[in-house]
Amino acid sequence: MPVLALVGGQWGDEGKGKVIDSLAANANMVVRYAGGDNAGHTTVNPYGTFRLHLIPSGIFYPDVRCVIGNGVVVNPAVLLREIAELRQHGVETHNLVVSDRAHLIMPYHTLLDKLEEQRRGPGAIGTTQRGIGPAFVDKVARTGLRVGDLLDGAVFRRRLESTMEQKNALLTSLYAHSPLSVDDVYSQYMDYGAQLHAHIADTLPLIHDAMQRGDTIMMEGAQGALLDTDFGTYPYVTSSSPLAASAALGSGIGPTCIDRVIGVFKAYATRVGSGPMPTELKDDTGEFIREKAGEYGATTGRPRRCGWFDSVAGKFSVRINGMTEAVLTHLDIFDGFESVKICTGYRIDGVLTTEFPTMVEMVERCQPVYEELPGWSECTEHISHFSQLPTNARGYVDALSSLLGCRVSFVSLGPRREQIIAVAPSPFTHS
Ligand code: IMP
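Let me begin by describing the structure that accompanies this report. Because the structure is predicted, anything quoted here is derived from the model rather than measured. (Residues numbered from 1 in each chain as written. Predicted model: local features only at pLDDT ≥ 70, side-chain atom pairs only at ≥ 80, totals over all residues. Heavy atoms only, no water.)

## So, the packing of helix 5 (residues 153-173) against helix 6 (residues 182-196)
Short version of the rule: Throughout, an axis means a line fitted to C-alpha atoms (over the contacting stretch in the case of helices), and angles, computed between N-to-C directions, take values from 0 to 180 degrees. Runs of E in the DSSP output that reach at least two residues are strands. Runs of H or I that reach at least four are helices, and both are numbered from the N terminus. Helix crossings get a hand from a simple test, with the near helix turned counterclockwise from the far one by less than a right angle marking a left-handed crossing and a clockwise turn marking a right-handed one. Any pair of residues with heavy atoms lying within 4.5 Å of one another is described as a contacting pair. Three classes are used: nonpolar for Ala, Val, Leu, Ile, Met, Phe, Trp, Tyr, Cys and Pro, charged for Asp, Glu, Lys and Arg, and polar for all others, with Gly counted as polar.
At a minimum axis separation of 10 Å, helix 5 and helix 6 run at an interaxial angle of 145°. In this structure, the crossing between helix 5 and helix 6 has a hand that is right-handed. Here Gly153, Phe156, Arg157, Leu160, Glu161 and Met164 of helix 5 lie close against helix 6, whose contacting residues are Val182, Asp183, Val185, Tyr186, Tyr189 and Met190. Among the residues making up the contact of helix 5 with helix 6, the classes are represented as 8 nonpolar, 1 polar and 3 charged.

## A closer look at the pairing of strand 10 (residues 217-220)
Short version of the rule: Each residue is assigned to one of three classes by its accessible area relative to the maximum for its type, calculated with a 1.4 Å probe on protein chains only: buried under 20%, partly exposed between the two thresholds, exposed over 50%. The pairing criterion is simple: DSSP has to find at least two bridges between the two strands.
Burial of the side chains of strand 10 extends over both faces: Ile217 and Met219 are buried on one face and Met218 and Glu220 on the other. Of the pairings in the sheet, the one linking strand 2 (residues 29-32) to strand 10 comprises 4 bridges and is parallel in character. Across the sheet, Val31 pairs through a bridge with Met219, a residue of strand 10.

## Digging into the sheet that holds strand 5 (residues 65-68)
Read across the sheet, 10 strands follow the order 9-7-5-2-10-1-11-15-19-20 without closing on themselves; strand pairing throughout is mixed. Whereas interior strands pair on both sides, the edge strands pair on one side only; in this sheet they are strand 9 (200-201) and strand 20 (420-422). In terms of strand pairing, strand 2 meets strand 5 through 4 bridges, oriented parallel. Bridging from a neighbouring strand, Arg32 pairs with Ile68 of strand 5. Across the face of the sheet, helix 1 (residues 16-23) comes into contact with strand 1 (3-8), strand 2, strand 10, strand 11 (260-266), strand 15 (325-329), strand 19 (408-412) and strand 20 while running at roughly 155° to strand 1.

## Quick notes on the packing of aromatic side chains
For any pair of aromatic rings, the description rests on two quantities: the centre-to-centre distance and the angle between the ring planes. The condition that has to hold: Only the six-membered ring of Trp is used, alongside the rings of Phe and Tyr, when aromatic pairs are assigned; centres must lie within 6.5 Å, and planes under 30 degrees apart are stacked while those over 60 apart are edge-to-face, with the rest tilted. Whether a charge lies above a ring is judged from NZ of Lys or CZ of Arg, which has to be within 6 Å of the ring centre and within 35 degrees of the ring normal.
One pass over the full model with this rule turns up 16 aromatic pairs. Consider the rings of Tyr268 and Phe334, whose centres lie 6.0 Å apart with planes at 65°: the pair is edge-to-face. Here the residue Tyr268 occupies a position in the loop between strand 11 and strand 12 (269-271), and Phe334 occupies one in the loop between strand 15 and strand 16 (339-348), the gap between them amounting to 66 residues. Through a chain of ring-to-ring contacts, the aromatic side chains of Tyr268, Phe288, Trp308, Phe334, Phe337, Trp376 and Tyr396 assemble into a single cluster. Sitting over the ring of Tyr186, Arg157 keeps its end group 5.0 Å from the ring centre.

## Describing the site of the ligand
Put simply, the rule reads: Neighbouring residues are identified by heavy atoms, a residue being near a molecule or strand if any of them is within 4 Å of it. Here a polar contact means two N or O atoms within 3.5 Å. Within protein one must be a hydrogen donor candidate and the other an acceptor candidate, and residues neighboring in sequence count only if both atoms are side-chain atoms. Residue exposure ignores everything except the shown protein chains as possible cover, and the areas themselves are Shrake-Rupley values with a 1.4 Å probe.
Asn38, Thr128, Thr238, Val272 and Arg302 are the nearest of the 15 residues found near the ligand. Contact between the ligand and Gln223: a nitrogen atom at 3.2 Å from a side-chain N or O atom of the residue. The side chain of Arg302 places a nitrogen or oxygen atom 2.9 Å from an oxygen atom of the ligand. When the free accessible area of the ligand is taken as 460 Å², the share hidden by the protein chains comes to 97%. A breakdown of the residues in the shell around the ligand according to their chemical character gives 6 nonpolar, 7 polar and 2 charged.

In structure tokens form, the structure reads like this:
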């Protein structure tokens, strides 16, 4: 019963889409379990280059069943666009199923996300403005509409009227915005429902039958551990949990069903949006990494903040996810670097710590303490075996394994599907 959860180990954008696209050749099912179209999973494969926001990255294999789980918030307009784009490129989408329990992102969610960010002014979170926060607020407040509601016009209308009364009051009073029309939203969403009808189902039996058959199931996470609502740099976080534990809730399986938790880490750190990032490089090196790696948001196009690998945050992430192994992506970006640094501790007000602090104000005061390792000059992008990697590149991978206390099982050396190599099992030191 191999169920693997693949999670982001940092602030998102670690390359989860690429890793899923590479590993899903051996899977029977891929399930997206959290987030919404704030995610942007980039894959480069024989069909072309894609940035998937909602559809699981296993979609490029016609025999892999792809599920959008109950834990995802779904903007049907985005989903339909994504289906159309894939079809245009000859990618089959008949294997895509959306949970009827997943909540819908509505036009007032995206509008409220934008208006609330404006209202926050200099304290803005830097959200993707895709309506994610407001949609999860409604889910928890029990005022949300779900994908299954699209299939019953009368039920949908009743729920919509009740919720929109409240939303329009908020729009007009707090934000001085004009109200939205219930009729317009209703007819637009009924149209989406008609188009998505064939993809909507109770996904629970599908997932449980697959587990019973012993199928290989990959749980595809979105965002990264440090954006988790509970454990991230609150309030500069997203509104659902990117952690492995959420793979159980977001798909409807028990936590004991997850066999392996694979954390995806970039060889360096990036963050998009506001909030502290202790190893951020506001200098030429940071700029060089951004340009070489094309570190611009897949969803918003915003430049990503870049910095050295933060093993304090990384070890924290290994713990809160219960990672059994890690995948290191973008290692090739360091080709040609004379040396590379890893943050091994923080000084907060002069005191050394190796624990990731709880309060955002403390994280803001963290001064990183670095270990410097020798770099390598060779180009690694065509390397197909771990033993062929330059000695110093292997040394960097081993150092990260040791600091994280988690074996690195794969290293990715470029955006293409085949640019990923297995790391021979090697003993590593638990720190
Ligand atoms: P939201 O999820 O759109 O509400 O944004 C909250 C925070 O999470 C912002 O800092 C976003 O930039 C960040 N964020 C959301 N989704 C992603 C992602 O897929 N990758 C990286 N950052 C993300």
